[in-house]
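# Overview (structure and organization)
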Amino acid sequence: MGKRVVACLVVATISAGAAGARPFATPGVTATEIHLGSSVPLSGEAAVAGNVARGADAYFKYVNAKGGVLGRKIKFTYLDDGYDPARAVNNTIRLVQQDQVFAMFSTLGTNNNLAIRKFLNQVGVPQLFVSAGATTFGRDYTQYPWTIGYIPPYSEEGKLYGKYVVAHVKRAKIAVLFQNDDYGRDLLAGLRKGLGAKASSIVAKVGYDPTTTDVQPQIAQLKASKANVLCIFAFGKFSLQAYNGLNRVNWHPQVFVNDVSSASALMIAVPQKAANGSISIVFGKDPATPVFANDKGVKLFQTIWRKYGSDVKRIDFKDGYLIAGMATAYTMVDTLKKAGKNLTRQGVMRAATHLNEKGNPFLVPGIVVRTTPSFRFPLTQVKLQRWNNRAWHPFGKLVSVRPG
C-alpha cells in the first residue's frame, strides 16, 4: 500500500511539473521580461550612494521605452540594506529564492558583496558588475566564477595616489584614515605599493569600524603626527566627518579622498576650506564638474532622469551617483544584448567576460570597458581630479589602473 501511494505521488509530481512547465527554464527570464535584483543602502550612513540604483533603474526604464533588450523589458528590483551585510544577505536570499531574479546587479558595498558572494556562487546566480572596488571581486574568479566587478580596483587607486605623492610632494609625511575592512585595507596596501621605497613616509594610520559613530577624534589623533598629507579612505558619513574634523582642528594637509566618497554631492556639503585642493580620481562624468556641463552624455543623463527618475523633485540633477548608476546599467544592457535572445545565466557570464565596450556615454571620454574570462576588472582607466571653487577639475591624461 505504501509503495503504491509513493508511486502515485511521484507520477502526480511529474505530471504537475510537465503541466506547469514554462517555455523559458532560466529563472527571471520570460518571453517578455528579464528580472534583475540588487541590494543597496537607501537609508543609513551610506544612503546617498543608493542613488546608484536609482540611476540604473531610470536607465533601464529608458531602454524599456525604446523596446527593451531583444524584445524583453528589464524589471529591476532593488532593496534597502542600510549598508548592513546581514540585511544584504536577507535581501539577496529573498530576491533569488522568492522573487526568482535572473541575476544580481550592481550590489553596493564591499562587506555586503562579500557577505552574499558565497551564496550566489553556490546557487549559480550571476553577481554582475559589483559596485565595490575591492580587488577580490575581479581577482578571485577561479573560486567565484559567477562574480565580476565594475569600478576600478581600490588597490590600484591607492597605488596611483602613492605614485603622485612621490612625484609631487617633497618630504612627504603621510597620515591615513581607513575603513578597517577589505575596502580600506585594499586602498592602504595600494598606497604602500605606489610609494615604493618611500613607504616609510606613512607616519600614522588609524582604522575605524563601519559601525562606529564618529571619526572626528581619529582626525585629531592623526593631526598629532604632524603629517602634511592625509589620505581619506572612508565612505559616506565618515568622509564627511573627516573633512569636518579637519576644519575643526584647523589642519591643512594635502588631502587624497578615494573615489567612492568624492561625488560632488558629498564634497559640496563639507567645509570648503578643508576640501579645497583635495585630489581624487574620476572615471564617470560627474554632472557637477564644469568641464562636463555641456557634455552629450550628461545631457542624456539629465533627459533620462527628468523623464524616468524615481524622485525627480527631491534629487539633484547634478548627483554623480545617479550617472554612475547609468554607466553601469549601460554596460549591463550591452552585456544582455551580447548574451543573445536565448538568454541563460551561463550565457550572460560569457558575455560579461568578453566585453570591449567603447563609447559608454556616461564614462570619461576614451575609457574602454574591457574584460576577458581571466581579467574581470571592467574599468581600468581613470583621470586625476582636484577640488577647487566648489567643483572637481580633472587634469592630466587618462592613466592605467590595471592590476598586474
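### Details of the overall build of the chain
Scanning the chain from N- to C-terminus turns up 14 helices and 13 strands. Computed over C-alpha atoms, the radius of gyration of the chain comes to 23 Å, within 12% of the 22 Å expected from 2.2 N^0.38 for 404 residues, which places it in the range of a compact globule. Residues classed as buried in the chain amount to 56% of the 404 residues present. Taking all contacts inside the chain whose residues are at least 6 apart in sequence as the whole, residues at least 24 apart take part in 69%. Accessible surface computed for the chain: about 16,900 Å², of which carbon and sulfur atoms make up 53%. For the chain, the distance from the average site of its 50 positive side-chain charges to the average site of its 23 negative ones is 5 Å.

### Here's the deal with the pattern of salt bridges
Summed over all chains, the structure comprises six salt bridges. Between Asp99 and Arg94 there is a salt bridge whose closest N-O contact spans 3.8 Å. The exposure class assigned to Asp99 is partly exposed, which follows from its relative accessible area of 22%. One salt bridge connects Asp140 with Arg139, and the closest N-O pair in it is separated by 3.0 Å. Under the relative-accessibility criterion, Arg139 is labelled partly exposed at 49%.

### A word on the side chain of Ser280
As for its placement among the helices and strands, Ser280 is situated in strand S9 (residues 279-282). Look at Ser280 and you get buried, because its relative accessible area is 0%. A distance of 3.5 Å separates polar atoms of two side chains, one belonging to Ser280 and the other to Ser262. The residues touching Ser280, leaving out its near neighbours within four places in the chain, are Tyr161, Val257, Asn258, Asp259, Ser262, Lys383, Leu384, Gln385 and Trp392.

### What to know about the sheet that holds strand S2 (residues 73-80)
By definition, the strands of a sheet pair up through backbone hydrogen bonds, in either a parallel or an antiparallel sense. Strand order in the open sheet formed by four strands is S2-S1-S3-S4, and the pairing between neighbours is parallel. Edge positions in the sheet fall to S2 and strand S4 (127-128), since each of these pairs with one other strand and no more. Pairing analysis gives two bridges linking strand S1 (residues 33-40) to strand S3 (residues 103-105), with the strands arranged parallel. Its bridge partner lying in S3, Leu36 is registered against Ala103.

### So, the environment of Ala204
Following the sequence through the fold, Ala204 ends up in strand S6 (residues 202-208). Ignoring sequence-local partners within four residues, the contact set of Ala204 consists of Ile174, Ala175, Val176, Leu222 and Ser225.

### Topic: the nonpolar core
Core analysis: the biggest nonpolar cluster contains 92 residues, and Leu36, Phe60, Ile174 and Leu191 have the highest contact counts within it. Setting aside its immediate chain neighbours within four residues, Ile174 contacts Val165, Leu191, Leu195, Ser201, Ile202, Val203, Ala204, Ala227, Val229 and Cys231.

### Brief notes about unusual backbone geometry
At Leu70, a position not held by glycine, the phi torsion is positive, near 55 degrees. Its location among the elements puts Leu70 in the loop between helix H2 (51-65) and S2. Under the relative-accessibility criterion, Leu70 is labelled partly exposed at 39%. Residues other than glycine seldom take positive phi values, yet Phe129 does so here, at roughly 50 degrees. Tracing the sequence through the fold places Phe129 in the loop between S4 and helix H5 (136-139). Exposure remark for Phe129: the relative accessible area of 0% places this residue in the buried category.

### Looking at the packing of helix H13 (residues 320-339) against helix H14 (residues 345-352)
Direction vectors running N to C along H13 and H14 enclose 120 degrees, while the axes themselves pass 8 Å from each other. As the angle between them shows, H13 and H14 are arranged oblique. Handedness of the crossing formed by H13 with H14: right-handed. Between H13, through Met332, Thr335, Leu336, Lys338 and Ala339, and H14, the contact on the second element is made entirely by Gly347, Val348, Ala351 and Ala352. Residues of the contact of H13 with H14, tallied by class, amount to six nonpolar, two polar and one charged.

### As for the pairing of strand S7 (residues 229-233)
Counting buried positions over the five residues of S7 gives five, a clear majority of the element. Residue alternation in S7 divides its side chains into two sets, Val229, Cys231 and Phe233 and Leu230 and Ile232, and both sets are buried. For strand S5 (residues 174-179) and S7, the ladder comprises five bridges, and the chain directions are parallel. Within S7, the residue paired with Val176 across the bridge is Cys231. Here S7 pairs with strand S8 (residues 254-257) via four bridges, running parallel.

### Comments concerning H2
An ideal rise of 1.5 Å per residue puts 21 Å on 15 residues; H2 measures up with 21 Å between its terminal C-alpha atoms. Among the 15 residues in H2, 12 count as buried, and that is most of the element. Within H2, the full set of buried residues consists of Asn51, Val52, Ala53, Arg54, Gly55, Ala56, Asp57, Ala58, Tyr59, Phe60, Val63 and Asn64. In this fold, the buried residues of H2 make contact with S1, S2, S3, helix H12 (296-308) and H13. The first or second residue beyond H2 is Gly67, which carries a positive phi of 115 degrees.

### Quick word on helix H4 (residues 110-123)
Between its first and last C-alpha, H4 extends 20 Å over 14 residues, near the 20 Å set by a 1.5 Å rise per residue. At Arg117, H4 shows its strongest bend, of approximately 35 degrees. For H4, the full list of buried residues reads Thr110, Asn112, Asn113, Ile116, Arg117, Phe119, Leu120 and Asn121. Residues of H4 that are buried make contact with helix H3 (85-98), S3, S4, H5, helix H6 (154-168) and helix H7 (182-195). Residue Gly124 follows H4 closely and has a positive phi angle near 70 degrees.

Definitions and cut-offs
- Residues numbered from 1 in each chain as written.
- Predicted model: local features only at pLDDT ≥ 70, side-chain atom pairs only at ≥ 80, totals over all residues.
- Heavy atoms only, no water.
- Helix = DSSP H or I, 4+ residues; strand = E, 2+ residues; numbered from the N terminus.
- Rg over C-alpha atoms; globule rule 2.2 N^0.38 Å.
- Buried < 20%, exposed > 50% of the residue type's maximum accessible area, 1.4 Å probe, protein only.
- Contact = heavy atoms within 4.5 Å.
- Areas by Shrake-Rupley, 256 points an atom, 1.4 Å probe, with all protein chains shown as cover.
- Lys, Arg positive; Asp, Glu negative; His and termini not counted.
- Charge placed at Lys NZ, Arg CZ, Asp CG, Glu CD.
- Salt bridge = Lys/Arg side-chain N within 4 Å of Asp/Glu carboxyl O.
- Polar contact = N/O pair within 3.5 Å; in protein donor to acceptor, adjacent residues only side chain to side chain.
- Pairing = 2+ DSSP bridges.
- Core = buried A, V, L, I, M, F, W, Y, C linked by side-chain atoms within 4.5 Å.
- Axes fitted to C-alpha atoms, helices over the stretch in contact; angles between N-to-C directions.
- Parallel < 35°, antiparallel > 145°, perpendicular 65-115°, else oblique.
- Left-handed = near helix turned anticlockwise from the far one by under 90°.
- Nonpolar A, V, L, I, M, F, W, Y, C, P; charged D, E, K, R; others polar.
- Expected span 1.5 Å × (residues − 1).
- Bend = angle between axes of the 7 residues up to and from the residue.

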